[in-house]
Amino acid sequence: MRAIVELQDVSKQFGGLKAVSGFTGIIEEGSIVGLIGPNGAGKTTLFNMIAATFPPTSGSIIYDGMDITRKKTHDMAKLGLARTFQVTKPFGDMSVTENIMVGAFRQTNDRKAALETANKIYDQIEMNCGRDQLAHNLTTVDRKKLEIARALATGPKLLLLDEVMAGCNPHEKNELVEVVREIRDGGVTIIIIEHDIKTIMTLCEKIIVLHRGEKLVEGTPQEVANDQRAINAYLGEEYRNA
């Protein structure tokens, strides 16, 4: 499979803190890749570098065959990258449909076309709320779905999901797993940060374990679940025994 993202010896330093150190890896087009690891392991920093929120201190990032190491966030949106955030921040006084249309306006200036896109994505995401419901009244799971929907409306080739299942119950997590799979099946590559290990093991074809800013383990869910380094650093013996 073709690589949509290639990271080559990427590091990020904030003053005396090295948040990510010498990360090298590829994300294959059409895959769902999970990033896991303890808090402070460098997962969100890696996301931010791929999304061009800030550049790496050293190393290079290739996206869809293009060097994006010094690109800006708005450049990445135009190139087909979208992301969600750990803390959802919808436009609270706007309806669900209007929130999704905000993303759709990345692709068009026509209100009718943006509305059509928003309605299509609303149906695809299978939200539990009404289209006209104000965003500040949404449940946690619908706020998460709205965050995904707004990002999806931009028309991405690569979607970065940052803890979209946090705060959801098991049934809601299963709903979101199906949503993510459907998005991938529609041709969007996905990188996801998630702390629910059972969910991430079920969802992803490949998992990367970060620890203290470095890539500790990379492999299939089965390989990672049986790797003693991953068990010691993050998973714990209880997970392997389970």
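Residues numbered from 1 in each chain as written. Predicted model: local features only at pLDDT ≥ 70, side-chain atom pairs only at ≥ 80, totals over all residues. Heavy atoms only, no water.

J.: Explain the sheet that holds strand β3 (residues 32-36) here, please?
T.: Working definition: the strands of a sheet are paired by backbone hydrogen bonds and lie parallel or antiparallel to each other. Pairing is mixed in the open sheet, where 6 strands are placed in the order β6-β7-β8-β3-β9-β10. The outermost strands of the open sheet, each flanked by one partner alone, are β6 (81-83) and β10 (214-219). The sheet shows a mean angle of 20 degrees between the axes of neighbouring strands, direction not considered. Taken together, the 4 bridges between β3 and strand β8 (residues 189-193) define a ladder with parallel strand orientation. Directly across from I32, in β8, lies its bridge partner I190. (Pairing = 2+ DSSP bridges. Helix = DSSP H or I, 4+ residues; strand = E, 2+ residues; numbered from the N terminus. Axes fitted to C-alpha atoms, helices over the stretch in contact; angles between N-to-C directions.)

J.: Even after reading the chapter, I still don't get helix α6 (residues 170-185), so can you show me in this structure?
T.: Because an α-helix packs 3.6 residues into every turn, residues spaced three or four apart end up facing the same way. Helix length check: α6 (16 residues) gives 23 Å between terminal C-alpha atoms against 22 Å at 1.5 Å per residue, within 8%. Among all positions in α6, only E172, K173, L176, V177, V179, V180, I183 and R184 are buried. What you see down the axis of α6 is that its buried residues fit within an arc of 165 degrees, all on one side. Exposed and oriented more than 90 degrees from the buried face of α6 are P170, H171, N174 and D185. For α6, the elements touching its buried residues are β3, α4 (111-125), α5 (140-152), β7 (158-162), β8 and α7 (197-203). Two to three positions downstream of the cap, the backbone nitrogen of H171 sits 3.1 Å from a side-chain oxygen, assigning the N-cap of α6 to N169. Following α6 by one or two positions, G187 adopts a phi angle in the positive range, close to 105 degrees. (Expected span 1.5 Å × (residues − 1). Buried < 20%, exposed > 50% of the residue type's maximum accessible area, 1.4 Å probe, protein only. Arc of directions from axis to C-beta. Contact = heavy atoms within 4.5 Å. Polar contact = N/O pair within 3.5 Å; in protein donor to acceptor, adjacent residues only side chain to side chain.)

J.: Which parts of the structure should I look at to understand the pattern of salt bridges?
T.: A side chain with one charge can pair with a side chain of the opposite charge if their charged atoms come near. The final tally for this structure, using the stated rule, is 14 salt bridges. For the salt bridge of K145 with E175, the shortest nitrogen-to-oxygen distance reads 2.8 Å. Here K145, found in helix α5, pairs with E175, found in helix α6; they are 30 residues apart in sequence, far enough to count as distant. R150 serves as the salt-bridge partner of E147, at 3.3 Å between the closest nitrogen and oxygen. Placement of the pair is E147 and R150 together in helix α5, with a separation of 3 residues, close to one helical turn. Here E147 falls in the buried class, since its relative accessible area comes to 7%. Residue class for R150 comes out buried when judged on its relative accessible area of 15%. (Salt bridge = Lys/Arg side-chain N within 4 Å of Asp/Glu carboxyl O.)

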